[in-house]
Every structure is written in structure tokens, then in C-alpha cells.
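Structural description and commentary
The chain contents come next:
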Amino acid sequence: MSSYGNDCAEIVRAARPGSYRIGMILGSGLGELAGEMENAVRIPYSKLPGFPVSTVSSHGSELVAGELEGVPVVILSGRAHYYESGNPSIMRTPVETLKTLGCEILLATNAAGSLREEVQPGSPMLITDHINWSGLNPLIGEEDEKRFLDMTAAYDKDLQAAMHRAAKADGHALAEGVYMWFSGPSFETPAEIRMARILGADAVGMSTVPEVILARFLGMRVAAMSIITNLGAGMQAHGLSHDETKSVAKLGLARMKKLVRGFVKEVSHG
Ligand code: HPA
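In this text the structure is predicted, and so the values were computed from the model without any measurement. (Residues numbered from 1 in each chain as written. Predicted model: local features only at pLDDT ≥ 70, side-chain atom pairs only at ≥ 80, totals over all residues. Heavy atoms only, no water.)

**Considering the packing of aromatic side chains**
What characterises a pair of aromatic rings is the spacing of the ring centres plus the angle enclosed by the ring planes. Scanning the entire structure with this criterion turns up three aromatic pairs. When the ring of Y82 is compared with that of W181, the centres are 6.4 Å apart and the planes differ by 90 degrees; the resulting orientation is edge-to-face. In this pair, Y82 is assigned in helix α2 (residues 82-85) and W181 in strand β7 (residues 175-181), connecting sequence segments 99 residues apart. When its relative accessible area of 0% is taken as the criterion, W181 is described as buried. (Phe/Tyr/Trp six-rings, centres within 6.5 Å; stacked < 30°, edge-to-face > 60°. Helix = DSSP H or I, 4+ residues; strand = E, 2+ residues; numbered from the N terminus. Buried < 20%, exposed > 50% of the residue type's maximum accessible area, 1.4 Å probe, protein only.)

Printed below as a string of C-alpha cells:
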């Protein structure tokens with residue numbers, strides 16, 4: 001480990017001793033889930049060396065360690081994006097901290113634009129694979145041979161099955177698909193969206209992929225889910241805006257919370 005992951009894990013353990021099973025990175029508007037943790041401590045990112053402070057409204061900036069459904073969980077409420085700093089490994093210390101705290105599973109969530117008309121704003125989409133369209137990689141500069149990371153099964157099949165069971169228990173079918181990472185911060189053009197569809201993407205967004213690569217590099221099992229907040233540029237009558245991302249993410253929150261709780265139960269007892 002090259003960053004402050006060990007130092008940060010010690011700070012968390014000093015505030016709340018114990019080992020943790022699942023780490024979560026919650027994106028736009030989803031940080032509210034952290035408020036539902038039991039026996040939790042909250043630590044602002046500003047107290048954790050190497051943690052970024054997000055500049056995006058709707059992103060909180062705190063680590064919350066506690067229990068969800070009786071399972072020890074660490075939630076990173078708020079992430080930093082590549083477009084905020086130009087650094088694709090900006091989330092390295094946070095992901096290392098989760099791993100050092102014992103989390104063997106990472107659940108990452110984000111807001112995304114859907115490329116499929118039948119997957120409408122407000123619905124969740126389970127990510128089964130990704131396309132890294134940015135050309136960036138958080139492992140650039142890494143010298144260890146481990147940098148040649150196998151991405152064949154980056155999104156864990158058993159965790160995907162657990163998420164589908166959680167959705168079924170909640171009475172819903174769960175859409176799934178391929179997430180394509182654009183650097184942002186400008187949204188895509190309609191031409192880029194047509195390209196993304198041709199290339200096999202089901203959703204587009206500006207996050208998550210670097211964290212997934214980092215988590216796999218550290219040997220964690222990964223699940224990821226989008227809240228669809230809009231259709232891709234050119235697919236809906238109106239243009240795109242961050243306000244829409246924030247307000248629609250809120251509409252999807254209730255279902256997302258149930259899914260995450262169900263997922264935690266499934267992976268711990270199932
Ligand atoms: N594109 C990129 N990122 C996004 C979108 C989108 O359409 N919606 C929410 N985040």
C-alpha cells in the first residue's frame with residue numbers, strides 16, 4: 001500500500017473498534033443511506049489523511065462505520081471524481097482504508113444516464129461489466145506486476161445473484177447492464193451517446209470505474225449499481241442537468257435503500 005490506508009484504518013478503529021465486512025461508496029444523492037446505520041461513528045474526510053473532499057453538491061464527505069442489518073459496514077458517503085482533480089487514483093486511500101478495515105466486499109453506487117428506453121429514470125441498474133472510455137487508469141504508475149490486473153470477472157457473479165435475490169424479495173425485477181465511464185464533467189453529446197449504444201453500453205456515467213479497478217487490485221469482490229437519473233443525451237426531449245441528476249436520484253432512493261439492505265442480508269446470511 002502506498003497511501004494513508006493504514007493510518008486512516010487506525011483512526012476508524014480508534015473511534016469504533018472492530019472488523020468490517022462490507023464497504024460502500026455512495027454517489028450522488030445516495031449518501032442518505034449512511035444515516036440509517038446503527039451504532040455508527042461518523043468521521044469527516046477532512047480528519048482522514050489522503051481522503052479527498054468532494055466539491056460536488058449532493059455528495060457528502062464522511063466515513064460512517066457501524067452496522068446495517070446487524071452486519072459491520074463502512075460507508076463512504078461521497079466520492080471524489082476524476083474530473084474534480086485530474087487524478088484517476090484520487091480514491092486510492094479511501095478504497096485502501098476499506099480493505100485494511102477488513103472489508104472483503106465493495107458495493108459502489110452512482111447516478112447514471114440510461115441508454116435503454118425501457119430502463120427509465122428512477123430505476124436501479126445492476127452493473128455487470130464496464131467500458132473504460134476515459135483512457136485513464138488508477139494503476140498507471142504502479143510498478144508491481146499486479147498492475148496487469150485481470151478484469152474478466154471484475155463484477156462478482158455471486159454478488160450480482162445476491163442483488164437479484166434482494167430485488168426479488170422486494171417484488172421487483174432488476175435491470176442490469178454495462179456501464180461506460182466518461183471523464184466528465186460535461187455531459188455526453190448525442191453523437192457520443194449513439195456511439196456508446198453501438199459499442200455495447202447500457203448506461204453512462206462519470207465515476208465508479210476507477211474505484212472498481214482499485215478494489216480489484218486490492219483483491220476485493222465488487223458489486224456496483226446505478227440509479228438511472230435520465231436517458232442519455234439526445235434520447236429525451238429536454239437537455240441534461242446536474243439538478244435533474246440530484247432530484248431524480250432522490251426519487252430512486254427508497255428502492256435503492258431496500259436493495260442495499262437486502263443485499264447486505266443476502267451476502268451475510270445467504
Ligand atoms: N451522463 C453522465 N453521467 C451521468 C448522467 C449522464 O447522462 N446521468 C447521471 N450521471
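**Quick look at the state of the cysteines**
Enumeration over the complete set of coordinates arrives at zero disulfides. You can see C8 has no disulfide; the closest cysteine sulfur is in C103, sitting 13 Å from it. By relative accessible area, C8 is classed as buried at 0%. (Disulfide = S-S within 2.5 Å.)

**A word on helix α6 (residues 209-217)**
Buried residues dominate α6, accounting for eight of its nine residues. Of all the residues in α6, the buried ones are V209, P210, E211, V212, I213, L214, A215 and F217. Close packing links the buried residues of α6 with β1 (22-26), α3 (92-100), β5 (105-114), β6 (124-132), β7 and β9 (221-231). At the C-terminal side of α6, G219 shows a positive phi close to 85 degrees. (Contact = heavy atoms within 4.5 Å.)

**Observations regarding the side chain of T109**
As for its placement among the helices and strands, T109 is situated in strand β5. Among the polar contacts listed, one links the side chain of T109 to the backbone nitrogen of G27, at a separation of 3.3 Å. Every residue in contact with T109, bar those within four places of it in the chain, is listed here: I25, L26, G27, L30, R79, T208, M225 and M256. (Polar contact = N/O pair within 3.5 Å; in protein donor to acceptor, adjacent residues only side chain to side chain.)

**Quick look at the site of the ligand**
In the vicinity of the ligand, the contacting residues are A111, A112, G113, F187, E188, V204, G205, M206, T229, N230, L240 and T245. G113 has a polar backbone atom sitting 3.4 Å from a nitrogen atom of the ligand. Between the ligand and E188 there is a distance of 2.8 Å, counted from a nitrogen atom to a side-chain nitrogen or oxygen. Expressed as a share of its isolated accessible area of 260 Å², the protein-covered part of the ligand is 96%. Of all the secondary-structure elements, those providing two or more residues to the shell around the ligand are β5, β8 (203-205) and β9. Looking at which element gives the most residues to the shell around the ligand, the answer is β5, with three residues. (Near = heavy atom within 4 Å. Areas by Shrake-Rupley, 256 points an atom, 1.4 Å probe, with all protein chains shown as cover.)

**Focus: the pattern of salt bridges**
Within this structure, the stated rule accounts for 16 salt bridges. Put simply, E96 and R92 hold a salt bridge, and the shortest N to O gap is 2.9 Å. Within this pair, E96 and its partner R92 are both found in helix α3, separated by four residues, close to a single helical turn. The two residues E96 and R92 agree in class, both being buried. (Salt bridge = Lys/Arg side-chain N within 4 Å of Asp/Glu carboxyl O.)

**Regarding the UniProt feature "binding site: phosphate" (unreviewed entry) in the chain**
The feature "binding site: phosphate" (unreviewed entry), as given by UniProt, occupies S28, H59, R79, A80, H81, A111 and S207 in the numbering adopted here. Tracing the backbone through its elements, the reader meets H81 in the loop between β4 (71-77) and α2. Using a relative accessible area of 6% as the deciding quantity, one classes H81 as buried. (UniProt positions renumbered as here; feature names shortened; annotations may be inferred.)

**Considering the pairing of β4**
Burial analysis of β4 places six of its seven residues in the buried class, the great majority of the element. In terms of strand pairing, β1 meets β4 through five bridges, oriented parallel. When the bridges of β4 are listed, G23 appears paired with V74. (Pairing = 2+ DSSP bridges.)

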